[in-house]
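Per-entry structural report
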Amino acid sequence: YLAAGPHQRSSAALNRVVGALTRGGTAEVPYQLSKMTSLLRDALGGNCSTTVLITASPCKTTFTDTLDAIKLGLKVRNVRNTLNPNAAETEDSHNTDADDKLRSMILDSQSKMTLLKQQHEKILREKQATEDALAEERQQMKIVDL
């Protein structure tokens, strides 16, 4: 096992994990044997449905690899996970609550933005009115000075 290359070690680790999952019971599933099995932990033994695609070659030189892949595929077919729908419902309701909160925050921000725009337009109109009044006063002062 240790003298094999990384590919063979990962395949062997995957075989051990699948074997432990097919036996079921309280057997410890050795996910930590390789990076691949650690990454596949949720897909293989988690709360999800997994599809495994096995590739086969008609070539004589890869016969053993093809046979091993087919055997692994047959083992994987026997893995049965018990799905926990309550966890998914809780997560979905949590997401819905978060979505509702975000929508509320967006609507609140939009209404504040509209109010700020209205205040800004009012200030601009007042500024323009003040500038116009000031310009008119300056014009009248020029007339008086003449």
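Heads up: these notes are all about the structure in this document.

Formed by Leu14, Val17, Val18, Ala20, Leu21, Val29, Tyr31, Leu44, Leu72, Val76 and Val79, the largest nonpolar core amounts to 11 residues. For this core, the secondary-structure elements that each account for two or more residues are helix H1 (6-23) and helix H4 (63-77). Looking at which element gives the most residues to this core, the answer is H1, with five residues. Excluding its chain neighbours within four sequence positions, the residues that come into contact with leucine 21 are Val29, Tyr31, Leu44, Gly45 and Val79.

Another aspect to go through is the pattern of salt bridges. Inspection of every chain in the model, using the stated rule, returns two salt bridges. Note that aspartate 100 and arginine 103 form a salt bridge whose closest N and O atoms lie 3.4 Å from each other. Here the residue aspartate 100 and the residue arginine 103 both occupy positions in helix H5 (residues 85-145), the gap between them amounting to three residues, near one helical turn. With a closest N to O distance of 3.5 Å, aspartate 108 and lysine 112 form a salt bridge. Note that aspartate 108 and lysine 112 are positioned in helix H5 at a spacing of four residues, about one turn of the helix.

Before going further, it helps to spend a moment on a negative patch on the surface. Among the surface-exposed residues, Glu131, Asp132, Glu136 and Glu137 lie close enough to one another that they form a single negatively charged patch. Inspection of the secondary structure puts glutamate 136 in helix H5.

Calculation notes
Residues numbered from 1 in each chain as written. Predicted model: local features only at pLDDT ≥ 70, side-chain atom pairs only at ≥ 80, totals over all residues. Heavy atoms only, no water. Core = buried A, V, L, I, M, F, W, Y, C linked by side-chain atoms within 4.5 Å. Buried < 20%, exposed > 50% of the residue type's maximum accessible area, 1.4 Å probe, protein only. Helix = DSSP H or I, 4+ residues; strand = E, 2+ residues; numbered from the N terminus. Contact = heavy atoms within 4.5 Å. Salt bridge = Lys/Arg side-chain N within 4 Å of Asp/Glu carboxyl O. Patch = residues over 30% accessible without salt bridge, like charges linked within 9 Å, V, L, I, M, F, W, Y side chains within 5 Å. Areas by Shrake-Rupley, 256 points an atom, 1.4 Å probe, with all protein chains shown as cover. Lys, Arg positive; Asp, Glu negative; His and termini not counted. Charge placed at Lys NZ, Arg CZ, Asp CG, Glu CD.

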